[in-house]
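Observations on chain architecture
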Amino acid sequence: MSYVLNTPEDQKAMLAKIGVSSVEDLFANIPTALRLQRDLAIPSAMSEMELQSHLSRLLGKNQSASDAVCFLGGGAYDHFIPSVVDTIAGRSEFYTAYTPYQAEASQGTLQAIFEYQTLMCELTGLGVANASLYEGGSSVTEAALMALGITKRPEVLIAESVHPEYRATLETYAANLNCRVRTLPTPDGFLNPDDVKSAVSDATACVIVQSPNFFGHLEEMQAIGDATRKVGALFVASFDPVSVGVLKRPGDYGADIAVAEGQGLGVPLQYGGPYLGILACHEDSRFLRKIPGRLVGQTTDRNGKRSWVLTLQPREQHIARANATSNICTNQGLLALRAAVYLTAVGPQGLKETAELCVRKAHYAAEQLTKVPGVSLRFKTPFVKEFALQVPGDAPTLLAKLRTAGYHAGLPLGRWYPALANCITVAVTEKRTKAEIDGLVEALKANV
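What this report covers is the structure whose coordinates are included nearby. (Residues numbered from 1 in each chain as written. Predicted model: local features only at pLDDT ≥ 70, side-chain atom pairs only at ≥ 80, totals over all residues. Heavy atoms only, no water.)

For the rest of this paragraph, the subject is the overall build of the protein chain. If you tally the helices and strands in the protein chain, you get 13 helices and 15 strands. Its C-alpha radius of gyration of 24 Å places the protein chain within 12% of the 22 Å reference for a compact globule of 448 residues. A buried classification covers 47% of the 448 residues belonging to the protein chain. Counted over contacts in the protein chain with a minimum sequence separation of 6, partners at least 24 positions apart contribute 69%. Just so you have it, the protein chain exposes about 22000 Å², and 54% of that area is on carbon and sulfur atoms. Considering the protein chain, the positive charge centre built from 41 side chains and the negative charge centre built from 44 side chains are found 2 Å apart. (Helix = DSSP H or I, 4+ residues; strand = E, 2+ residues; numbered from the N terminus. Rg over C-alpha atoms; globule rule 2.2 N^0.38 Å. Buried < 20%, exposed > 50% of the residue type's maximum accessible area, 1.4 Å probe, protein only. Contact = heavy atoms within 4.5 Å. Areas by Shrake-Rupley, 256 points an atom, 1.4 Å probe, with all protein chains shown as cover. Lys, Arg positive; Asp, Glu negative; His and termini not counted. Charge placed at Lys NZ, Arg CZ, Asp CG, Glu CD.)

Turning our eyes to something else, we now look at the layout of surface pockets. Put simply, the largest pocket is a space of about 890 Å³. Taken together, 39 residues make up the lining of the largest pocket; nearest its centre are Ala76, Leu269, Tyr271, Gly272 and Tyr275. Here the element with the most residues in the lining of the largest pocket is helix α7 (residues 164–174); it accounts for 3 residues. (1 Å grid on protein atoms, 1.4 Å probe; cavity = no way out; pocket = protein on both sides within 12 Å on 5 of 7 lines; lining within 4 Å. Points joined across faces, edges and corners; volume = space filled by probe spheres on them.)

This brings us to the sheet that holds strand β6 (residues 234–239). On the basis of which strands lie adjacent, the open sheet formed by 7 strands has the order β2-β8-β7-β6-β5-β3-β4 and mixed pairing. Whereas interior strands pair on both sides, the edge strands pair on one side only; in this sheet they are β2 (128–129) and β4 (180–184). By the bridge criterion, 5 bridges tie strand β3 (residues 155–159) to β4 in an arrangement that is parallel. Along β4, the bridge assignment pairs Glu155 with Arg180. Strand contacts of α7: β3, β4, β5 (204–211), β6 and β7 (257–261), with the helix running at about 160° to β4, the strand carrying the most contacts. Contacts from helix α9 (residues 221–229) reach β5 and β6, with the element oriented near 155° to β6. (Pairing = 2+ DSSP bridges. Axes fitted to C-alpha atoms, helices over the stretch in contact; angles between N-to-C directions.)

Together, Ile18, Val23, Leu26, Phe27, Ile30 and Leu34 make up an exposed nonpolar region whose accessible area comes to about 560 Å². Along the chain, Leu34 falls in the loop between α1 (8–18) and α2 (48–60). (Patch = residues over 30% accessible without salt bridge, like charges linked within 9 Å, V, L, I, M, F, W, Y side chains within 5 Å. Salt bridge = Lys/Arg side-chain N within 4 Å of Asp/Glu carboxyl O.)

Looking now at the environment of Arg289. By the secondary structure assignment, Arg289 is in the loop between α10 (285–288) and β9 (295–300). Using a relative accessible area of 62% as the deciding quantity, one classes Arg289 as exposed.

Two quantities define a packed helix pair, namely the angle between the axes and the distance from one axis to the other. Where helix α12 (residues 395–404) meets helix α13 (residues 434–447), the closest approach of the two axes is 10 Å, and the angle between their N-to-C directions is 125°. It follows from the interaxial angle that α12 and α13 lie oblique. Handedness of the crossing formed by α12 with α13: right-handed. Mapping the contact onto sequence places Leu398, Lys401 and Leu402 in α12 and Leu440, Ala443, Leu444 and Asn447 in α13. For the contact of α12 with α13, the residue count by class is 5 nonpolar, 1 polar and 1 charged. (Parallel < 35°, antiparallel > 145°, perpendicular 65-115°, else oblique. Left-handed = near helix turned anticlockwise from the far one by under 90°. Nonpolar A, V, L, I, M, F, W, Y, C, P; charged D, E, K, R; others polar.)

Across all of its chains, the model carries 3 cavities of 30 Å³ or more by this definition. When its volume is computed, the largest cavity comes out at roughly 230 Å³. Secondary structure elements with two or more residues in the lining of the largest cavity: β6 and β7. A per-class count over the lining of the largest cavity returns 8 nonpolar, 9 polar and 4 charged.

The tendency in soluble globular proteins is for nonpolar side chains to be buried side by side. With 45 residues, the main nonpolar core has Met146, Val196, Ile208, Ile257 and Leu279 as its most contacted residues. Residue contributions to this core peak at 7 residues, all from helix α6 (residues 136–151). Beyond its immediate stretch of four places on either side in the chain, Ile257 contacts Leu126, Ala143, Met146, Phe235, Val236, Ala237, Leu279, Ala280, Cys281 and Phe287. Ranked by size, the runner-up nonpolar core spans 31 residues in total, among them Ala76, Ala89, Ala129 and Ala339. (Core = buried A, V, L, I, M, F, W, Y, C linked by side-chain atoms within 4.5 Å.)

Here we take up α9. Along an α-helix, residues three or four apart share an orientation, since each turn contains 3.6 residues. Listed in full, the buried residues belonging to α9 are Met221, Ile224, Gly225, Ala227 and Thr228. What you see down the axis of α9 is that its buried residues fit within an arc of 165°, all on one side. Looking at the packing, one finds that the buried side of α9 touches α8 (193–199), β5 and β6. (Arc of directions from axis to C-beta.)

Structure (structure tokens):
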């Protein structure tokens, strides 16, 4: 671990610099009644040697995706990351760069963001993309806020098959806003377009659908989009960036706003975050003025040389806080860079091959796993790299046994969907080998 020098003399110098005599003075504006009047309930101090040993033991309890064969999904996938991604993202000029307040002095950072935005436009088939957001959930929420602002309508419809944590994020934001969120049921694992036609009205700001959805299955995006636009509402598509290698882009089936979790584009699993929120939309002034975060534009300087500027920057640290649409933090910019490097490295053909491998391996896995007695596909709709299985007995207990056998076998759906308590989702990326899939099948046979 790093050693941080902080002697009593250092503390005195820092306190003197800011004009206070003690650390306690820093908390003078906090009423005594609100302060903790005891020591923190933590173990007593250790020596450096003891502390290193203690932390090593704690870290040893973690089991990463490299310690067991990973079939986990639900928005976080064990995709291959080319080494060039770490090499470029780890360069000091990117790794330590802060958000460009003085844009003209941050040309390298601005160019990297511009390249990312360009790639996101190509990936989504839409005209403009912002400089990234926190993760998939915040992207869904920001899209809904955009739609509310653009249409001036009070209602957001969202499919039950959208990631439950994305839906929870949206509901948290909406709790104190003058709008209502309605969840459209998906008992068959997908949203029926006829249900959308019945639900939308002239009060609907947008309909949000994820495809592939949380169960890994495909939605009828064209039909849902047609029903949404018929009443003047906006169609928000949440998509898997890797799946675009084999599926239509959101812009190709008429999405007004496309959002995604970008973790699969060169971002490690890293204990659930930080990740990357993607957002793209129509190149229309109504959308541009409501887009969250920042937009980097390309121009020429007074010498005619290509250069970059912050064209729009509606975040709270750049403008009056009350006028900000959203914010965006530095580490998301670094992860956007990783996505840009990843897509540049693999190229269109590489993305297509990655998606095709996911499709073939996932369908092989589903075919073999459903040969195990008592195991079946929960839904019959098409899927790309993830699918829902119905398993005998208690799903969390089964998954615990499979972890002991060396497999992160999937996610228990009962955590979010009580009616699917005996179901799991299994995700199969291009990294999984036939031997690993066959090994999971044998482990499942031994434990059901």
